[in-house]
Amino acid sequence: STEKANCCGSDDHRESVVLEARHKSTEKVMYYSACAEQSSEHPIAKAILTKAEDLGIGQGQTRPLEEVEHFEAEVGKGVKCTVGNVTVHMGNRRCLAANDI
């Protein structure tokens, strides 16, 4: 079965926080977030990757990142992709609402 990891980031680009992740551990949320953002230059993506490295997640870390499939960036909203068998939706409230989350 396909699992969903739903992460909501702050609308304020100066701060990168996970506001909601239903039934997921912090490490799991950070893992999927880092996988989704690993190729991004966005300031929030860089903050996610930095925090993930603090948790041992990332290239050259205890838990390396997987490649993503079906990546879609929604400008001003967020991203969605598939990591393994997990569908990941990350973004602001507009992104989550647009995906019925």
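Owing to the predicted nature of the structure, the values given are computational and were not obtained by experimental measurement.

About the thresholds
- Residues numbered from 1 in each chain as written.
- Predicted model: local features only at pLDDT ≥ 70, side-chain atom pairs only at ≥ 80, totals over all residues.
- Heavy atoms only, no water.
- Phe/Tyr/Trp six-rings, centres within 6.5 Å; stacked < 30°, edge-to-face > 60°.
- Lys NZ or Arg CZ within 6 Å of the ring centre and 35° of its normal.
- Helix = DSSP H or I, 4+ residues; strand = E, 2+ residues; numbered from the N terminus.
- Expected span 1.5 Å × (residues − 1).
- Buried < 20%, exposed > 50% of the residue type's maximum accessible area, 1.4 Å probe, protein only.
- Pairing = 2+ DSSP bridges.
- Contact = heavy atoms within 4.5 Å.
- Axes fitted to C-alpha atoms, helices over the stretch in contact; angles between N-to-C directions.
- Parallel < 35°, antiparallel > 145°, perpendicular 65-115°, else oblique.
- Left-handed = near helix turned anticlockwise from the far one by under 90°.
- Nonpolar A, V, L, I, M, F, W, Y, C, P; charged D, E, K, R; others polar.

Student: Describe in detail the packing of aromatic side chains, supporting the description with residues and values.
Tutor: One pass over the full model with this rule turns up one aromatic pair. The interplanar angle of 70 degrees and the centroid separation of 5.3 Å between the aromatic rings of Tyr31 and Tyr32 together place this pair among those described as edge-to-face. Directly above the ring of Tyr31 sits Arg63, whose terminal nitrogen or CZ lies 3.6 Å from the centroid.

Student: Could you give an account of helix 1 (residues 26-37), with specific residues and numbers?
Tutor: Between its terminal C-alpha atoms helix 1 stretches 16 Å, which fits the 16 Å expected from twelve residues at 1.5 Å a residue. A large share of helix 1 lies buried, amounting to nine of its twelve residues. If you check which residues of helix 1 are buried, you get Val29, Met30, Tyr31, Tyr32, Ser33, Ala34, Cys35, Ala36 and Glu37.

Student: Which residues make up the pairing of strand 4 (residues 86-91), and what are the values?
Tutor: Taken residue by residue, a regular strand's side chains alternate between the two faces of the sheet. Among the six residues in strand 4, six count as buried, and that is most of the element. Of the two faces of strand 4, the one carrying Val86, Val88 and Met90 and the one carrying Thr87, His89 and Gly91 are both buried. As paired elements, strand 3 (residues 78-83) and strand 4 share six bridges and run antiparallel to each other. Bridge pairing in strand 4 places Val83 opposite Val86. Taking the residues that link successive antiparallel strands as the turn, the strand 3-strand 4 hairpin has two residues, and the phi of Gly84 there is positive, at about 65 degrees.

Student: I'd like a description of the side chain of Glu37, backed by residues and values.
Tutor: When you line up the elements, Glu37 lands in helix 1. Setting aside anything within four residues of it in sequence, one finds Glu37 in contact with Ala45, Ile48, Leu49, Val79 and Met90.

Student: Please give an account of the packing of helix 1 against helix 2 (residues 43-54) that cites residues and values.
Tutor: The interhelical angle for the contact between helix 1 and helix 2, taken along N-to-C directions, is 135 degrees, at an axis separation of 9 Å. Classified by the angle their axes make, helix 1 and helix 2 are oblique. For helix 1 against helix 2, the interelement crossing comes out left-handed. For the pair helix 1 and helix 2, contact is made by Met30, Ser33, Ala34 and Glu37 and by Ala45, Ile48, Leu49, Lys51 and Ala52, respectively. In terms of residue class, the contact of helix 1 with helix 2 is made up of six nonpolar, one polar and two charged.

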